[in-house]
Each structure stands twice: as C-alpha cells, then as structure tokens.
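# Structure at a glance
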Amino acid sequence: MRDVKKRLGIIGFGNMGSSIAFGARSLFEVSVFDKDKQKLVKQANNRGLKTEMLATDLINSSDVIILAVKPQDFDILLNEIKPFIQGKLILSIAAGITTGYIEMILKEARVVRAMPNIAVKISAAETSLAKGKYAKEEDLNFAKELFGLLGKVWVVKEEMIDSATAISGSGPAYIFYDMEINKLDSSKIKIERKNEYIQRLKQAALDVGFGPKMALDLAINTIASSIQLLVQTGSSPMELRKMITSAGGTTEAALEVLSRNGSWSEAALAAKKRAQELSRKE
Ligand SMILES: NC(=O)c1ccc[n+]([C@@H]2O[C@H](COP(=O)([O-])OP(=O)(O)OC[C@H]3O[C@@H](n4cnc5c(N)ncnc54)[C@H](OP(=O)(O)O)[C@@H]3O)[C@@H](O)[C@H]2O)c1
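Residues numbered from 1 in each chain as written. Predicted model: local features only at pLDDT ≥ 70, side-chain atom pairs only at ≥ 80, totals over all residues. Heavy atoms only, no water.

### Examining the sheet that holds strand β2 (residues 29-33)
The strand order β3-β2-β1-β4-β5-β6-β7-β8 describes an open sheet built from eight strands, whose pairing is mixed. Whereas interior strands pair on both sides, the edge strands pair on one side only; in this sheet they are β3 (50-51) and β8 (151-155). Sheet analysis places strand β6 (residues 110-115) next to strand β7 (residues 125-131), joined by four bridges and oriented antiparallel. The residue bridging Val112 from the neighbouring strand is Lys131, located in β7. (Pairing = 2+ DSSP bridges. Helix = DSSP H or I, 4+ residues; strand = E, 2+ residues; numbered from the N terminus.)

### Section: the domain arrangement of the chain
Partitioning the chain into domains gives domain 1 (7-155) and domain 2 (164-278). In this structure, domain 1 and domain 2 have C-alpha centres spaced 24 Å apart. With 16 residues of domain 1 at the contact, the number on the domain 2 side is 20 residues. For the domain 1 and domain 2 pair, buried surface summed over both sides reaches about 1600 Å², with 66% attributable to carbon and sulfur atoms. Area buried by domain 1 at its contact with domain 2 is led by Ile118, Ile122 and Glu126, which between them contribute 35% of it. (Domains from an automatic or database assignment. Contact = heavy atoms within 4.5 Å. Buried area = accessible area lost by both parts, 1.4 Å probe.)

Structure follows, in structure tokens:
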C-alpha cells in the first residue's frame, strides 16, 4: 500500500525538477532545493511549495531524494550530499549518469534511475525506469508510483536508458523542429501528419534497439504528449524545443543531424551515441 507520508526532496528546481514537484504534490509531501535562492523564493515559495535553503536540510527532511541537476553539475552535488544520504532512496533523472556511478560515489546507496521527458510538465510524461544494484523492489515500486502519477512508466534494463533518452527524452524535439521548419502549430497538425510522425519515431525506436511493441508504444505516446504540451502550455514549438535542448547534450546532437536533412532514425542514433559519450559509469 502507498505510504502517504513519504517525503520527496527535489534537488534542482529547473525545467524537470519544478515540473515533478508541482505534479507530485497532490500525493506526496514535496520540498525543493536549488542553488539559485531567488528562483526558489519566486517560483516555488510563491506557488506554495516548501523550500529548503540548504541541501542538507532538504535531505534530513526527506525519505526520497530526486537529483534533477544537469549531468555536468552531478559530481559536485554527489560529493556534497554523500555524507548525509544514508537510508535514503536516491532517484536520479540525469541523462547518461549510471546507477553504478552514483553507487560508487554514494557508497552502496539505493538508487533508481529514471528517464522522464518534458511532458512531465502536463503530467503526461513517458518515463523509463531502471533499478540499481542496492535498490529494493519496493524502491522500484515507489518510483513506478511516483512517475505513474506523472504519466506512463516503463521498467527497462539500464542499458536501454540511452535509447529511451533518444526517443522519449529527445523525441519531442524532432516533432517541434519539424513543426518549426514547416511553420505548423498544433491546430494545423492533421491526422495524416500525426501518423507520419508516429511511423518515423517508431522506426527510430526500432533502430535504437527497442522491440516492435515498445517502439510503437513510445512513438504513439511521445507524439500525443508533445502535441498535448503545445496545446496545454500555449508555448510555441520553438520554445518547447529549446527547453529540451542543452548545449552539448543528446537533443542538440540529434538536431544537428536534422538540420542537415537527416532522418529521425539518424537523429535518434546520434542522440543515443551522445548519451553514451556523456555516460559516466562505475
Ligand atoms: N529537459 C529535459 O527534457 C530532460 C528530460 C529527461 C531528463 N532530463 C535530465 O534532467 C536533469 C535536469 O534537467 P533540466 O532541463 O531540468 O535542467 P535545468 O533547467 O538547468 O535545472 C537544473 C537546476 O539545478 C540547479 N543546480 C545545479 N547545480 C545544483 C546544485 N549543486 N544544487 C542545487 N541546484 C543545482 C540549476 O541552477 P543553475 O541554472 O544556476 O545552474 C538549475 O536551476 C538533467 O540531468 C537532464 O539530463 C532532462
């Protein structure tokens, strides 16, 4: 049975961390921490979220810690929290950082790795989950429950997380980019084009290693939630694409291929390759 008292502490109140916080607070006690204190006051406190001004205070008052900072900020963060995380479940959403790497630094911590996507903003995310060596079945169940509240969940082998990053993580950007260059908005997306997007993304998912059923599932959900995101947030394809693209990241690698008229399969393979290059293992 779900433990209603479970307290979630989120470190990194950016695109993903803030969306998870607002989406999860209906069922969990949520508190957030970010090194940008102004952001915490303006965007979290003022919107009714509990905030902590120190990472250690957040950890002490939480059972589950979600690490939602960029991969390049990870080492500093892991070393900062290392002395305080005993007995806590660690959920990491960072692209390319393996459970083994986190376990190596945090010494046998219970870690679950999650790869959600930007549709977490409207609680329509697709999240792939992989359990670390020391996490228990109940930890994975907790992650399923949390990310289930925020959209659809798949449990995958950890080696498939880079492929998930390329399809459900970066995939929305392939759609937004296509809409940008064809000057489309969500009201102009006809069923034929949606079906074409599904076929292109399904092929890309097959090419990065998913089986036919999951490839189709991922493609249908990614297309549907990306279009829903445009409608519900009122953001333009370009604005949403920028939210998914970080310098040197997987989506940027894919978009570079698309800008040279590459296919979505080629773009996804480039995103997966970039995820593997960025990958930090034990
Ligand atoms: N965006 C996506 O579509 C997506 C999808 C799946 C997974 N992810 C993963 O989600 C993670 C977060 O991505 P994002 O797009 O949400 O990034 P983001 O918008 O840059 O948010 C990260 C936040 O963490 C803060 N931060 C950095 N170091 C910190 C520290 N030591 N302690 C506390 N806060 C710290 C950053 O502050 P500053 O800005 O001041 O550095 C920023 O406010 C990444 O690891 C990414 O791989 C992203």
